[in-house]
Amino acid sequence: MRIGSGWDIHRLEEGATLVLGGVVIPSAKGLVAHSDGDVLIHAIIDAILGALAKGDIGTHFPDTDPRFKGASSVDLLDHVVTKLLPPYSIGNIDTTIILKEPKLRPHVDSIRYSLADLLEVPIDHVSVKAKTAEGLLGELGTGDAIEAHATVLLTIKG
Ligand code: MG
């Protein structure tokens, strides 16, 4: 078994699209980033690469590379899972999203199903928790940023 952790943060702006775990979330503010800015998937990719001791998301998908401009994070995660992960597979994953609004609770199961599909694991191996910064912590508190944390356990296929 191997364990890894990942973290990511992105700025939110009016009119941009909010995508989390590959799911579009109705929101007044969305993600501003080089790719589609899916912070949750970015944190998960870093957790998987961390567990593998294979660098980080910037190592494999540099934001200076025009091939990844506007890239779908789902495609990046698919590359990691199919090309870099073997002979390991995902054991379970636990994530936390910190976001002021919209409230994510109604969307948590959609995000879990999307991630379970991408990570090729049963739904009960995928945890997605959502919380606010309680009005504190600068841009996270004012709703101008979103942060995601991920912890993943890998197991060897056998
Ligand atoms: Mg990112």
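Since the model is a prediction, treat every value here as computed from it, not as a measurement.

The number of helices and strands found in the protein is five helices and seven strands. Mapped in sequence order, the helices and strands of the protein form the string β-β-β-β-α-α-α-β-α-β-α-β. A globule of 158 residues ought to have a C-alpha radius of gyration of about 15 Å, and the protein, at 15 Å, matches this closely. Taking the principal axes of its C-alpha atoms as reference, the protein extends roughly 45 × 35 × 25 Å. The 158 residues of the protein split such that 47% are buried.

Here we take up the environment of Glu-120. Along the polypeptide, Glu-120 turns up in the loop between α4 (108-119) and β6 (126-131). According to the relative accessible area criterion, Glu-120 is exposed, its value standing at 57%.

Before going further, it helps to examine unusual backbone geometry. Put simply, Pro-86 and Pro-87 share a cis peptide bond, and its omega is 10°. When you line up the elements, Pro-87 lands in the loop between α3 (73-84) and β5 (88-98). For the bond running from Glu-101 to Pro-102, omega is 5°, close enough to zero to count as cis. Inspection of the secondary structure puts Pro-102 in the loop between β5 and α4. For Ala-53, which is not glycine, the phi dihedral falls at a positive 55°.

Here we take up the confidence of the model for the protein. For the protein, the mean per-residue pLDDT works out to 92, and 97% of the residues sit at or above 70. By mean pLDDT, the top-scoring element of the protein is helix α1 (residues 39-52) (98), and the lowest-scoring one is helix α5 (residues 138-142) (85).

Scanning all chains against the criterion turns up three salt bridges. Residues Lys-29 and Asp-144 are paired through a salt bridge, measuring 2.7 Å at the closest nitrogen-oxygen approach. Within this pair, whereas Lys-29 is found in strand β4 (residues 29-32), its partner Asp-144 is found in the loop between α5 and β7 (145-156), the two being separated by 115 residues in sequence. Residue class for Asp-144 comes out partly exposed when judged on its relative accessible area of 26%. A salt bridge links Asp-109 to Arg-112; the nearest nitrogen and oxygen atoms lie 3.0 Å apart.

The protein atoms that coordinate the magnesium ion are Asp-8 (OD), His-10 (NE2) and His-42 (ND1), at distances of 2.0 to 2.2 Å. Between the donor residues of the magnesium ion, the gaps in sequence give the motif D-x1-H-x31-H. Per residue, the accessibility class of Asp-8 equals that of His-10, and both read buried.

Time to look at the sheet that holds strand β1 (residues 2-14). Taken in spatial order, the five strands make up an open sheet running β4-β1-β7-β5-β6, and their pairing is mixed. Each having just a single partner strand, β4 and β6 make up the two edges of the open sheet. Here the average twist between neighbouring strands, direction ignored, is 30°. In this structure, β5 lies alongside β6, joined through six bridges in parallel fashion. For Thr-96, the partnering residue across the bridge sits in β6 and is Lys-129. The sheet strands contacting α4 are β5 and β6, and the helix crosses β6 at an angle near 145°.

Calculation criteria
Residues numbered from 1 in each chain as written. Predicted model: local features only at pLDDT ≥ 70, side-chain atom pairs only at ≥ 80, totals over all residues. Heavy atoms only, no water. Helix = DSSP H or I, 4+ residues; strand = E, 2+ residues; numbered from the N terminus. Rg over C-alpha atoms; globule rule 2.2 N^0.38 Å. Buried < 20%, exposed > 50% of the residue type's maximum accessible area, 1.4 Å probe, protein only. pLDDT = per-residue confidence, 0-100. Salt bridge = Lys/Arg side-chain N within 4 Å of Asp/Glu carboxyl O. Donors = N, O, S within 2.8 Å, 3.2 Å for Na, K, Ca; no water. Pairing = 2+ DSSP bridges. Axes fitted to C-alpha atoms, helices over the stretch in contact; angles between N-to-C directions. Contact = heavy atoms within 4.5 Å.

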